[in-house]
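Working through the structure, step by step
What follows is the residue order along each chain.
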Amino acid sequence: MKERTQLRVLVVERRPSARKFLMKALTESGYAAEAVASAAAALKACARSSFSLAIIGLRPPGMSAFDLATTMNERWPNTTILVTTPTEEQPAALACLRAGDHDYVMRPFDLKDLLAHTRRALGQEPSPPQGAVGAALNGRPNGESRAVRRVLLGAVKALSSALEAKDLYTKGHSERVSRLVGRMTKVVEIPPREARRLRLAARLHDVGKIGVPESVLSKPGPLSEDEYRQIKAHPVIGERILGPVVADSEVLSIVRHHHEHWSGRGYPDRLAGEEIPLGARILAVADAFDALTSDRPYRPRLDTQAALEVLRAGAGRQWERSLVEAVIRVVEGFSVNPPDKHGR
Ligand SMILES: [Fe+2]
């Protein structure tokens, strides 16, 4: 196996932020990387020096990614080519593409995969990426990797807020749900570490809605079967978007399962009862309370008591009964019958 420092990688990427990010990631992972912004510059760079790998991003100016890859393949057959353009078959990548159109730096979400592809394309033994970005993605904490992760997380939080802010009905929803969840974790005595994890999941739980068309999200009338199917994809899309950013699998699992029902009739996996992660069960109750007390395109908001009545009616079916009681205690501002150590 060649040493990584001997391997030269060419990045063809028109967006400066993505170019900079990929250069940093590759350099920190031990590759000698060079970046160009267009197809013409890529061909010039290959004529000047040889590259083991070329990573071609979205729509390089001057030529389609496919045509550039074909040309390079004919002229420099020793250069392995990796095209990172998402396809219809990759919903998470598609979501990233949409986000890109909104000027958010979403490419880091592809990074873990990209570095793995890079290693495979170069015939290297599978090994974890090195450097600050690699450490951040692998959950090995050091000061720098924490900083990288904070930046990525900040971008996702900004994205989630931007998504909600576009719509008066959902503005501030995740922030409010996160606060309510925080108060519930005290009532059900969730340890501080778990509580932090759950507040983070609450803050990010609907980010997958970026993969759902706006016309469906804000439709005032009843949804068709196909539209409902699109809405129901958001927890899974959210999990995929967050995968490379949030190393904590429990946070991802809470995001995935926040629409499961205690009865087993929710989605995406139709988990029932205690099969559903506790954090997702708590989030489901807080999410519902906030949704019921907010205006929606198809109905006005309910007052607190009416919303609590809806939750009571669904206790033991949609939501875990003891958690409905917990949210009632939180909302009504007093605590009776302290829960046992499992928060039930
Ligand atoms: Fe949701």
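Note that the coordinates shown come from a computational prediction; the quantities given were computed from them, not determined experimentally.

Time to look at the overall build of the protein chain. When its secondary structure is counted, the protein chain shows 16 helices and four strands. Evaluated residue by residue, the protein chain yields a buried proportion of 39% over its 344 residues. Once local pairs closer than 6 in sequence are excluded, the contacts in the protein chain between residues at least 24 apart make up 63%.

Glancing now at the nonpolar core. Membership of the largest hydrophobic core comes to 41 residues, with the highest contact counts inside it found for Val-181, Met-184, Ala-201, Leu-283, Val-285, Ala-286 and Val-327. Among the secondary structure elements, those contributing two or more residues to this core are helix H7 (143-165), helix H8 (173-187), helix H9 (192-204), helix H12 (234-242), helix H13 (249-256), helix H14 (278-292), helix H15 (304-314) and helix H16 (321-332). No other element matches H14, which puts eight residues into this core. In contact with Ala-286, not counting residues within four places along its chain, are Val-177, Leu-180, Val-181, Met-184, Ala-202 and Val-327. Counting residues in hydrophobic clusters, the runner-up holds 24 residues, among them Val-9, Leu-26, Ala-33 and Ala-69.

Right, let's talk about the packing of H8 against H16 for a bit. H16 packs onto H8 with a crossing angle of 110° between their chain directions and a minimal axis gap of 9 Å. Judged on the interaxial angle alone, H16 and H8 are roughly perpendicular. Contact with H8, carried on its side by Leu-180, Arg-183, Met-184 and Val-187, involves Ala-326, Val-327, Arg-329 and Val-330 of H16 and no other residues of that element. Tallied by class, the residues present in the contact of H8 with H16 amount to six nonpolar, no polar and two charged.

What follows covers the confidence of the model for the protein chain. Here the protein chain averages 77 in pLDDT, while 71% of its residues score no lower than 70. The element-level mean pLDDT for the protein chain is lowest in helix H4 (residues 91-101), coming to 33, with H14 highest at 96. Overall, residues 86-110 carries pLDDT values under 50, and its contacts beyond four positions in sequence, including any with other chains, amount to 41 contacts. Taken together, the stretch residues 125-142 has pLDDT below 50 and engages in 38 contacts with residues farther than four places along the chain or on a different chain.

The omega angle of the peptide bond from Tyr-267 to Pro-268 is 5°, so this bond is cis rather than trans. Within the element layout of this structure, Pro-268 appears in the loop between H13 and H14. One non-glycine residue, Glu-189, lies in the positive phi region at around 50°. Positive phi, normally seen in glycine, also occurs at Arg-270, with a value near 50°. Mapped onto the fold, Arg-270 is located in the loop between H13 and H14. Taking the C-beta count within 10 Å as the criterion, Arg-270 has 12 such neighbours and is therefore assigned exposed.

Our next topic: the environment of Ala-33. By the element assignment, Ala-33 lies in strand S2 (residues 32-36). Sequence separation between Ala-33 and Ala-54 is 21 residues, and the spatial gap between their C-alpha atoms is 9.6 Å.

Analysis parameters
- All residue numbers here refer to positions counted from 1 along the written sequence of the relevant chain.
- Confidence filtering applies because this is a predicted model: local features only for residues at pLDDT of at least 70, side-chain atom pairs given and counted only at 80 or more, and all residues used for totals across whole chains, interfaces and linings.
- Segments assigned H or I by DSSP are reported as helices when at least four residues long, segments assigned E as strands when at least two residues long, and all are numbered from the N terminus.
- With C-beta atoms placed from the backbone, the exposure class of a residue follows from how many other C-beta atoms lie within 10 Å of its own: 20 or more, buried; 12 or fewer, exposed; in between, partly exposed.
- Distance between backbone-placed C-beta atoms decides contact: two residues are in contact if it is within 7 Å.
- The term nonpolar core refers to a group of buried residues, namely Ala, Val, Leu, Ile, Met, Phe, Trp, Tyr and Cys, whose C-beta atoms join them within 7 Å.
- Each axis is a line fitted through C-alpha atoms, taken for helices only over the stretch in contact, and angles between the N-to-C directions span 0 to 180 degrees.
- Comment on the angle field: the value is read as roughly parallel under 35 degrees, roughly antiparallel over 145, roughly perpendicular from 65 to 115, and oblique elsewhere.
- Here the nonpolar group is Ala, Val, Leu, Ile, Met, Phe, Trp, Tyr, Cys and Pro; Asp, Glu, Lys and Arg are the charged ones; every other residue, Gly included, is treated as polar.
- What pLDDT expresses is the predictor's confidence in each residue, scored from 0 to 100.

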